[in-house]
Amino acid sequence: IAAEKLIAAGHKQAIVVEGGTLAAIDAGLDIAYGKGAISIERQVRIAAGLLVLSGTLAGAYIHGGFLIVPGFVGAGLAFAGVTDTCGMAMALAKCPWNQ
């Protein structure tokens, strides 16, 4: 049972409420909600966008060789779309803030 696992993990008090969260709210129990996290999909879009932007700017202002970065990101996005497998999403899922 979940409550036993929580107590075994060091939590001082675990309450099991028949009916779940809505029943707990109706019973007047304090509910502590975790902070909202950014979804993996959104993290991928942020990372891909920043890589494309920085690679394009570096290619335009520093050296044309940097244009391989947005090209690589574009190829990765196309591969992810065709295969439904995203390497960046798998890598981001292993990051500590997504654990």
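Residues numbered from 1 in each chain as written. Predicted model: local features only at pLDDT ≥ 70, side-chain atom pairs only at ≥ 80, totals over all residues. Heavy atoms only, no water.

Focus on unusual backbone geometry
The phi dihedral of D84 falls on the positive side, at around 60 degrees, and the residue is not glycine. For D84, the location among the structural elements is in the loop between α4 (68-83) and α5 (87-93). By relative accessible area, D84 is classed as exposed at 72%. (Helix = DSSP H or I, 4+ residues; strand = E, 2+ residues; numbered from the N terminus. Buried < 20%, exposed > 50% of the residue type's maximum accessible area, 1.4 Å probe, protein only.)

Structural notes on a nonpolar patch on the surface
Among the surface-exposed residues, I38, I46, L50, L53, L57, Y61, I62 and F66 lie close enough to one another that they form a single nonpolar patch of about 840 Å² accessible area. Mapped onto the secondary structure, Y61 falls in helix α3 (residues 40-61). (Patch = residues over 30% accessible without salt bridge, like charges linked within 9 Å, V, L, I, M, F, W, Y side chains within 5 Å. Areas by Shrake-Rupley, 256 points an atom, 1.4 Å probe, with all protein chains shown as cover. Salt bridge = Lys/Arg side-chain N within 4 Å of Asp/Glu carboxyl O.)

Examining the packing of α3 against α4
Orientation of α3 relative to α4, taken along the N-to-C sense of each, is 150 degrees, at an axis distance of 7 Å. In terms of their interaxial angle, α3 and α4 are classed as roughly antiparallel. In this structure, α3 crosses over α4, and the sense of that crossing is left-handed. Across the interface between the two elements, A48, L51, V52, G55 and T56 from α3 touch V69, P70, V73 and L77 from α4. Considered class by class, the residues forming the contact of α3 with α4 number seven nonpolar, two polar and no charged. (Axes fitted to C-alpha atoms, helices over the stretch in contact; angles between N-to-C directions. Parallel < 35°, antiparallel > 145°, perpendicular 65-115°, else oblique. Left-handed = near helix turned anticlockwise from the far one by under 90°. Contact = heavy atoms within 4.5 Å. Nonpolar A, V, L, I, M, F, W, Y, C, P; charged D, E, K, R; others polar.)

What about the pattern of salt bridges?
Oppositely charged side chains can pair when the atoms bearing their charge come close. Per the stated rule, a full pass over the model turns up one salt bridge. Residue R45 pairs with E41 through a salt bridge whose shortest N-O separation is 3.0 Å. Residue R45 and its partner E41 are located together in helix α3, separated by four residues, close to a single helical turn. Here E41 falls in the exposed class, since its relative accessible area comes to 56%.

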